[in-house]
Amino acid sequence: SQVSFEEESQNPPAAGHWKPLMPSKGDKEEPEHGCQDAGGVHEPQSTEQLNVSRLRSSSVEIREKGSEFLRDELHKAQKELKLKDKECKRLSKVREQLEQELEELTASLFEEAHKMVREANTKQAAAEKQLKEAWGKIDMLQAEVTALKTLVITSTPSSPNRELHPQLQSPSKAGFRKGHGRNKSTSSALVSAASPNVAPEPVSRECKEVDSILFAEFQAWKESPTLDKSCSFLDRIYREDVGPCLDFTKQELSELVRVAVEQNTLTIEPVASQTVPVGKMAAEECGGPKKCALSGLPRTCKHRIMLGDSGNYYYISPSCRARITAVCNFFTYIRYIQQGLVRQDVELMYWEVMRLRREMSLAKLGFYPSEM
């Protein structure tokens, strides 16, 4: 019996099989009977060893089941952590992609906004330039209309304007005609029809020769026309013609007149066409009908000038008016060339400029038509 007990203690029972800790009545009787047969001395000791072995086997079984359960839970937790890491990585990639798309969208919006601003600025600059050119053309047309009104007003049946009626001019004064040349055949026909008994005088032809230096300067200016007087073409004309022609006794007023002529803001009007309302001064009038504001000499002043929108009028003598008109005609023509309104050969434009320079020289020397 002792040998069988040791074998049982060395081989614990299988897992899941529970044995009773306390033996039943029949069990007790058999060992007691066996022990009595063996001698009855080791009966309590064998029972205690059996109980200890059973407790050890049950604790080992519980420990194994607990460790197995913990291992399963640990595997589940690790799987969940791996899934959460994958989800975190996926969300991080989505966030980075969204941030990149947001940056690209912001950059494209800023670039589009800058592009729209640049286009708006370009259009605004072009519109301002066109507006400025339009105002310049309007001022030029107004000056021409004013000049035409002056010519029309000063021509009456009792005292016709000989510039509007070239057939009434004498041959000695025909050289002082303003503006572009008229048709000579028509003028000759009108003169012969007006006085059939007068024999026609031989027409003297004027010889002309192009100055190579002046023509080269004009050609260089014609390539890129400008009103800047620093170029050689306009610098020479300012020194030789414009400056002396607008050099009057009253230096301060002369400078104002020169600036107004350059900026195309000078207005010339006849005195008889302007009436001042009673009890109201429309403008400050310098000089007077019997005194020239530019020369300071007592002269009969039929015209007066206004500089810009100042509202100040200055009476001028016929000689001063001829000098100012000659310079205005020159500037009007070169403005036409600059704006591309003159469709002529370069040589023809050159001779027209020379003719206008001759008018300025004659006006500076005191020659002017009697109708001025």
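Parameters and conventions
- Residues numbered from 1 in each chain as written.
- Predicted model: local features only at pLDDT ≥ 70, side-chain atom pairs only at ≥ 80, totals over all residues.
- Heavy atoms only, no water.
- UniProt positions renumbered as here; feature names shortened; annotations may be inferred.
- Axes fitted to C-alpha atoms, helices over the stretch in contact; angles between N-to-C directions.
- Helix = DSSP H or I, 4+ residues; strand = E, 2+ residues; numbered from the N terminus.
- Parallel < 35°, antiparallel > 145°, perpendicular 65-115°, else oblique.
- Left-handed = near helix turned anticlockwise from the far one by under 90°.
- Contact = heavy atoms within 4.5 Å.
- Nonpolar A, V, L, I, M, F, W, Y, C, P; charged D, E, K, R; others polar.
- Phe/Tyr/Trp six-rings, centres within 6.5 Å; stacked < 30°, edge-to-face > 60°.
- Buried < 20%, exposed > 50% of the residue type's maximum accessible area, 1.4 Å probe, protein only.
- Lys NZ or Arg CZ within 6 Å of the ring centre and 35° of its normal.
- Expected span 1.5 Å × (residues − 1).
- Arc of directions from axis to C-beta.
- Salt bridge = Lys/Arg side-chain N within 4 Å of Asp/Glu carboxyl O.
- 1 Å grid on protein atoms, 1.4 Å probe; cavity = no way out; pocket = protein on both sides within 12 Å on 5 of 7 lines; lining within 4 Å.
- Points joined across faces, edges and corners; volume = space filled by probe spheres on them.
- Core = buried A, V, L, I, M, F, W, Y, C linked by side-chain atoms within 4.5 Å.

- Identification of the protein as R3GEF factor from Phainopepla nitens is taken from an unreviewed UniProt entry.
- The record held by UniProt for the protein lists under Sequence similarities (unreviewed entry) the comment "Belongs to the SEC2 family."

## A look at the packing of helix 7 (residues 251–262) against helix 8 (residues 318–338)
Axis angle and axis distance: for two packed helices, these are the angle between their axes and the distance between the axes, and together they describe the pair.
And then number 1: Taken N-terminus to C-terminus, the directions of helix 7 and helix 8 make an angle of 30°; their axes are 10 Å apart at the nearest point. Judged by the angle between their axes, helix 7 and helix 8 are roughly parallel. The hand of the helix 7/helix 8 crossing is right-handed. For the pair formed by helix 7 and helix 8, the contact residues are Val257, Val261 and Glu262 on the first element and Ile324, Val327, Cys328, Phe331 and Arg335 on the second.
And then number 2: Residue composition of the contact of helix 7 with helix 8, by class: 6 nonpolar, no polar and 2 charged.

## A look at the packing of aromatic side chains
And then number 1: Considering all chains together, one arrives at 8 aromatic pairs under this definition.
And then number 2: Between Phe215 and Tyr350, the aromatic rings sit 5.2 Å apart at their centres with planes inclined by 90°, giving edge-to-face as the arrangement. Taken together, the residues span a long stretch of sequence, with Phe215 in helix 5 (residues 212–223) and Tyr350 in helix 9 (residues 346–365) at a distance of 135 residues. For the pair Phe215 and Tyr350, a shared accessibility class is recorded, and that class is buried.
And then number 3: What makes Tyr350 buried here is its relative accessible area of 2%.
And then number 4: Cluster of aromatic residues (ring-pair linked, three or more members): Phe215, Phe218, Trp221, Phe233, Tyr350 and Trp351.
And then number 5: Positioned above the aromatic ring of Tyr238, the side-chain terminus of Lys229 is 5.2 Å from the ring centre.
And then number 6: Over the ring of Tyr313 we find Arg304; its NZ or CZ atom is 4.0 Å from the centre of that ring.

## Some words on helix 7
And then number 1: Over its 12 residues, helix 7 extends 17 Å from the first C-alpha to the last, a length consistent with the 16 Å expected when each residue adds 1.5 Å.
And then number 2: Here helix 7 has its buried residues at Leu253, Ser254, Val257, Arg258, Ala260 and Val261. When helix 7 is viewed along its axis, its buried side chains cluster within an angular range of 165° and face the same direction. Set apart from the buried face of helix 7 by more than 90 degrees, the exposed residues are Gln251 and Glu252.
And then number 3: Where the residues of helix 7 are buried, they touch helix 6 (232–245), strand 1 (266–270), strand 3 (303–307), strand 4 (313–316) and helix 8.
And then number 4: Immediately downstream of helix 7, the backbone of Asn264 shows phi near 60°, a positive value.

## Focus on the environment of Thr249
And then number 1: Here Thr249 shows up in the loop between helix 6 and helix 7.
And then number 2: Under the relative-accessibility criterion, Thr249 is labelled exposed at 57%.
And then number 3: Note: C-alpha distance between Thr249 and Gly296 (47 residues apart in sequence) is 7.0 Å.
And then number 4: Apart from residues lying up to four places away in sequence, Thr249 is in contact with Leu294 and Ser295.

## Here we look at the pattern of salt bridges
Side chains carrying opposite charge are able to pair once their charged atoms draw close together.
And then number 1: Taken as a whole and judged by the stated rule, the model has 11 salt bridges.
And then number 2: Close ionic contact of Glu240 with Arg236 constitutes a salt bridge, the shortest N to O distance being 3.3 Å. Of this pair, Glu240 and Arg236 both sit in helix 6, 4 residues apart, which is roughly one turn of that helix.
And then number 3: Close ionic contact of Glu352 with Arg355 constitutes a salt bridge, the shortest N to O distance being 2.7 Å. Within this pair, Glu352 and its partner Arg355 are both found in helix 9, separated by 3 residues, close to a single helical turn. One exposure class covers both Glu352 and Arg355, and it is buried.
And then number 4: Each of Glu217, Arg236, Glu240, Asp241 and Arg357 takes part in salt bridges that share partners, so that together they form one network.

## Examining empty space enclosed by the protein
And then number 1: Per the counting criterion, the structure on display carries 1 cavity of 30 Å³ or more.
And then number 2: A volume near 30 Å³ is recorded for the largest cavity.
And then number 3: Every element with two or more residues in the lining of the largest cavity is listed here: helix 6 and helix 9.
And then number 4: Take the lining of the largest cavity: its biggest share by element is 3 residues, from helix 6.
And then number 5: Split by residue class, the lining of the largest cavity holds 4 nonpolar, no polar and 2 charged.

## Notes on the nonpolar core
And then number 1: Grouped together as the largest cluster of nonpolar side chains are 47 residues, with contacts concentrated most on Val242, Val257, Leu266, Leu294, Ile305, Ile324 and Phe330.
And then number 2: Secondary-structure elements contributing two or more residues to this core are helix 5, helix 6, helix 7, strand 1, strand 3, strand 4, helix 8 and helix 9.
And then number 3: Here the element with the most residues in this core is helix 8; it accounts for 10 residues.
And then number 4: Beyond its immediate chain neighbours, meaning those up to four positions away, Val257 contacts Leu266, Leu294, Ile305, Leu307 and Ile324.

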